[in-house]
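Okay, here's what each chain looks like letter by letter:
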Amino acid sequence: MATKLTARRRRKASPTSESPLVQGLLIALSLLFMGVILLLPLYAVFHEALSKGIGSYFAALLEPDAQSAIRLTLLVAAIAVPLNLIFGLAASWAIAKFEFKGKAFLITLIDLPFSVSPVISGLVYVLLFGAGSVLGPFLKSYGIEVLFALPGIVLATIFVTFPFVARELIPLMQDQGSGDEEAALSLGANGWQTFFRVTLPNIKWGLLYGVLLCNARAMGEFGAVAVVSGKIRGQTTTIPLQVEMLYNEYNATAAFALASLLALLALVTLVLKSALEWRFSAEIAAGNH
Amino acid sequence: MDVRVTNVRKEFDRFPALHDVSLDIHSGELIALLGPSGSGKTTLLRLIAGLEMPTTGRIFFGDTDASEWTVQQRNIGFVFQHYALFRHMTILENVSFGLKVRPRSTRPPAGEIRRRALELLDLVQLSGLEKRYPNQLSGGQRQRVALARALAIEPAVLLLDEPFGALDAQVRRELRKWLREIHDRTGHTTVFVTHDQEEALELSDRLCVMSQGHVEQVGTPDTIYDQPSSPFVFGFIGESSQLPVTLVDGEIRHGNTAIGQSSGPLTAGPARLFFRPHDVDIVEPGAGLTGTVHSSRRVGGTRRVELDLGAGQLAEIDLPFDQAFSQSAAISFRPRRWQLFSAG
Ligand SMILES: Nc1ncnc2c1ncn2[C@@H]1O[C@H](COP(=O)(O)OP(=O)(O)OP(=O)(O)O)[C@@H](O)[C@H]1O
Ligand SMILES: [Mg+2]
């Protein structure tokens, strides 16, 4: 009896480990959940996209409106991501390395896009630049269209994806402190040399990680962009908007063919993200996302 | 290069970390900043480096007012407590960094930079490790890389913040001797921060003892140890005991026991007597201060005995290790050397 007890106790490796039955149940439940919520839809996307054969799949992708949507999505990401990279770097630099009034407020502000519904973000731009606003007609008199045009889509995308780079870098830079920078300065390096030779290499993997997430979201953003774009077919529809329009027109194959591009992007992002995490986990701040 | 710190005050958000500190650092000397945690040692060092700017006061490099100079202009070598090596650069790249970032007009050619970096790695006994990265080195090796990196720019002043703070006692002792050798060989004016008094006494030409943002005393190790100028320094450096005494016509009395004559400015009234455990003579019972043994422990080659002198007063004295005594025995002693401070 006594030996049985000690044996059972020994098998419980740590006080928090549960019995094998509970463990198995939990694992099975998570796998089932993942299967239903994640893998099944992914399978459905590709299945539906290819249901009429590879020929019509590529035909759907090569269709002029689809091409235009792809180009617009790439263009928006190509503008929004670099800008957010610079904003994110500047903001995290300021927050991590300097002491100033209103720092806590700035940190809260950076998180704002995460806590506001994207549709609301879009509506804010409509209010700011719409026909009834002050700014909209003013810019229009100079021939600059913001709403229902590229600038509006870019602005909304920047707003929604702003936190990714900054959120990634702030804890990383705070953790690293300014010791390395001080060392570089004391060795005679100027500000630029310090930034490019010391600061940037120290944060490069975290930065890449943030940019990756930022890009994925920029290309996939729906809500905010839907509000400001006006959905002018062939002009202001990004991939997600085009997918929705096609789907509403009962053109499921074309819709899923385009959607499969976004799914591929998600998969590639996931793989790169895992590779980065696996290789440079120490250099990428934990606890985010 | 001479460095003069004159009447420097430094506040952080209104909190004064340094009050009116003045210190003359002589060219070529090795001077230690010693003091308890929070006394302002790092702050003073960073002010000299230009990593902080004084709230008031001036800092001179030679005869030139350097108070407004940037870190880069001051040409100092700074060794940080946690080394701050560039983790993505090899050891060689770390050491060459200061030369590589120079403007083209003063930058030596690449071959020359490499030669000098290798020479320095040889000086700090790390030849052969130049291709490694900082995380592939031990703490002591990293420390030496940090020193080589700072020396590479031929600094006017070398500043070290607790250079051996993160190392174990054995390595500390080795590096200490080695730092002294390097200093004697290169002749750099060197300021180093430590809170280890043994290290400061052994290594430095002069010590600057600090407490609560003030300089308490500056002097050679002998002066600091033998003629402490304040109760703080006496208590902080080495072992000591203090007893309340009264002065009557220059005679020092503890209760009814006469200890000796006061030769200082204090002649009458209450005072505090400081002495070291090894500066006492054992005398016949009753012929000096008498106390009962309270506790004893072995310190190196002697036995340090804590005596209870009554009225809650304790004093520590050293006895030869082989001297036998029983617990709670009475022992009489008389301080051989002492220092008097007013009973403030
Ligand atoms: N950046 C800062 N902001 C606010 N207060 C500071 C700052 N740096 C130092 N202080 C304060 O100044 C005082 C002196 O600090 P300093 O770091 O110079 O002490 P230290 O003698 O080096 O101590 P230690 O031996 O613990 O390193 C401390 O009370 C500290 O809290
Ligand atoms: Mg310190």
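Keep in mind that this is a model prediction, so the values were computed, not measured.

(A) Expanded view of unusual backbone geometry. Residues and elements named next belong to chain B. Phi at aspartate 13 takes a positive value of approximately 45 degrees, unusual for a residue other than glycine. By the element assignment, aspartate 13 lies in the loop between β1 (3-12) and β2 (15-25). Among the residues examined, aspartate 13 registers a relative accessible area of 77% and is labelled exposed. We note that glutamine 212 has phi near 50 degrees; this positive angle belongs to a residue other than glycine. Structurally, glutamine 212 can be placed in the loop between β9 (206-211) and β10 (214-219). Take glutamine 212: its relative accessible area is 64%, and that puts it in the exposed class.

(B) Here's a closer look at the sheet that holds β2 of chain B. One open sheet accounts for 4 strands, arranged β2-β1-β4-β5 (chain B); its pairing is antiparallel. Every other strand in the sheet has two partners, leaving β2 and β5 (64-65) of chain B as the edge strands with one partner each.

(C) Up close: the packing of aromatic side chains. Counted according to the given criterion, the structure contains 17 aromatic pairs over all chains. Taken together, a centroid distance of 5.3 Å and an interplanar angle of 45 degrees make the contact between phenylalanine 234 of chain B and phenylalanine 274 of chain B tilted. Of this pair, phenylalanine 234 of chain B sits in helix α9 (residues 231-236) while phenylalanine 274 of chain B sits in strand β14 (residues 269-275), and the two are 40 residues apart along the sequence. Considered together, phenylalanine 234 of chain B and phenylalanine 274 of chain B belong to a single accessibility category, that of buried residues. An aromatic cluster is present here, built from Trp93, Trp192, Phe195 and Phe196 of chain A joined pairwise through their rings. Directly above the aromatic system of tyrosine 225 of chain B lies the positively charged group of arginine 276 of chain B, at a separation of 4.2 Å from the ring centroid. Against the face of phenylalanine 234 of chain B rests arginine 276 of chain B, its NZ or CZ located 4.4 Å from the ring centre.

(D) Geometry of the confidence of the model for chain B. On average, chain B scores 89 in pLDDT, and the residues at 70 or more come to 100%. For this predicted complex, the interface score ipTM comes out at 0.84, while the overall pTM is 0.81.

(E) Expanded view of the domain arrangement of chain B. Residues and elements named next belong to chain B. Domain boundaries in chain B define domain 1 (3-235) and domain 2 (239-342). Each side of the interface is counted separately: domain 1 has 10 residues, and domain 2 has 9 residues. Summing both sides of the interface, domain 1 and domain 2 together bury roughly 830 Å²; the carbon and sulfur share of this comes to 55%. By the criterion of area lost to domain 2, the three top residues of domain 1 are Tyr225, Pro231 and Phe234, representing 71% of everything that side buries.

(F) Spotlight on helix α5 (residues 103-115) of chain A. All names here are of chain A. For α5, which comprises 13 residues, the first-to-last C-alpha distance of 19 Å matches the rise-based estimate of 18 Å (1.5 Å per residue) to within 8%. Within α5 the residues assigned to the buried category are Lys103, Ile110 and Pro113. Each element contacted by the buried residues of α5 is listed here: α4 (64-97), α8 (150-161) and α9 (163-176).

(G) Local environment of the packing of α9 of chain A against helix α11 (residues 191-220) of chain A. All names here are of chain A. Running from N to C, α9 and α11 cross one another at 160 degrees; their axes reach a closest spacing of 7 Å. As judged from the angle between their axes, α9 and α11 are roughly antiparallel. Judged by the sense of rotation from one axis to the other, the crossing of α9 with α11 is right-handed. Contact residues: α9 offers Phe164, Val165, Glu168, Leu169, Leu172, Met173 and Gln176, while α11 offers Thr199, Asn202, Ile203, Gly206, Leu207, Tyr209, Gly210, Val211, Leu213, Cys214 and Arg217.

(H) Focus on empty space enclosed by the protein. All names here are of chain A. Applying the stated criterion to the full structure yields 2 cavities of 30 Å³ or more. Roughly 40 Å³ of internal volume is contained in the largest cavity. Taken together, Thr73, Val76, Ile153, Thr157, Ala218, Met219, Glu221, Val225 and Thr238 form the lining of the largest cavity. Mapped onto the lining of the largest cavity, the elements with two or more residues apiece are α4, α8 and α11. A per-class count over the lining of the largest cavity returns 5 nonpolar, 3 polar and 1 charged.

(I) The arrangement of the site of ligand 1 in detail. Residues and elements named next belong to chain B. Contacts to ligand 1 come from 13 residues, most closely from Ser37, Gly38, Lys41, Thr42 and Thr43. Note that an oxygen atom of ligand 1 is positioned 3.0 Å from one of the backbone N or O atoms of glycine 40. In the environment of ligand 1, an oxygen atom lies 2.8 Å from a nitrogen or oxygen atom belonging to the side chain of lysine 41. A total of 640 Å² of accessible area belongs to ligand 1 in isolation, and the protein chains cover 62% of it. Of all the secondary-structure elements, those providing two or more residues to the shell around ligand 1 are β2 and α1 (41-49). Of the residues forming the shell around ligand 1, the biggest block, 3 residues, is contributed by α1.

Quick notes on the rules
For every chain, the first residue of the written sequence is number 1, and numbering continues from 1 onward in sequence order. Working convention: letters from A go to chains and numbers from 1 go to ligands, in the order in which they are written. For this predicted model, a pLDDT threshold of at least 70 governs which residues receive local features, and a threshold of 80 or more governs which side-chain atom pairs are given and counted, while totals over whole chains, interfaces and linings are taken from all residues. As a rule here, side-chain values cover all heavy atoms of the structure and leave hydrogens and water aside. The secondary structure listing takes helices from DSSP runs of H or I that are at least 4 residues long and strands from runs of E that are at least 2 residues long, numbered from the N terminus. For the exposure calls, accessible area comes from a 1.4 Å probe over protein chains only, and a residue counts as buried if that area is under 20% of its type's maximum, exposed if over 50%, partly exposed in between. Strand pairing is assigned whenever DSSP identifies at least 2 bridges connecting the two strands. Centres within 6.5 Å make a pair out of two Phe, Tyr or Trp rings, where for Trp the six-membered ring is used; the pair is then stacked when the planes are under 30 degrees apart, edge-to-face when over 60, and tilted otherwise. A positively charged side chain is recorded as over a ring if its NZ (Lys) or CZ (Arg) lies within 6 Å of the ring centre. The angle to the ring normal must also be within 35 degrees. Each residue carries a pLDDT score, the predictor's confidence in it, ranging from 0 to 100. An automatic or database domain assignment is the source of the domain bounds shown. Should any heavy atoms of two residues lie within 4.5 Å, those residues are considered in contact. Using a 1.4 Å probe, buried area is obtained as the accessible area two parts lose upon being combined, added over both of them. What a helix is expected to span follows from its residue count: subtract one and scale by 1.5 Å. Lines fitted to the C-alpha atoms define the axes, with helices restricted to the stretch that makes contact. Angles between their N-to-C directions range from 0 to 180 degrees. For classification purposes, an angle smaller than 35 degrees is called roughly parallel, one larger than 145 roughly antiparallel, one from 65 to 115 roughly perpendicular, and anything else oblique. By definition, any crossing whose near helix is turned counterclockwise from its far helix by less than a right angle is left-handed, and any crossing with a clockwise turn is right-handed. The distinction between a cavity and a pocket rests on a 1 Å grid over the protein atoms alone: a 1.4 Å probe fits inside a cavity but cannot get out, while a pocket stays open yet meets protein on both sides within 12 Å along at least five of seven lines, and a residue with an atom within 4 Å of a point counts as lining. Grid points are joined across faces, edges and corners, and a volume is the space filled by probe spheres set on the points. Residue type decides the class: Asp, Glu, Lys and Arg count as charged, Ala, Val, Leu, Ile, Met, Phe, Trp, Tyr, Cys and Pro as nonpolar, and the leftover types, Gly among them, as polar. Only heavy atoms are used to decide nearness, and a residue is near a molecule or strand if one of them lies within 4 Å of it. Contacts described as polar in this section are N or O atom pairs within 3.5 Å, which, within protein, must combine one atom able to donate a hydrogen with one able to accept it, while residues neighboring in sequence count only if both atoms come from side chains. Using the Shrake-Rupley algorithm and a 1.4 Å probe, accessible areas are obtained, with residue cover drawn only from the displayed protein chains.

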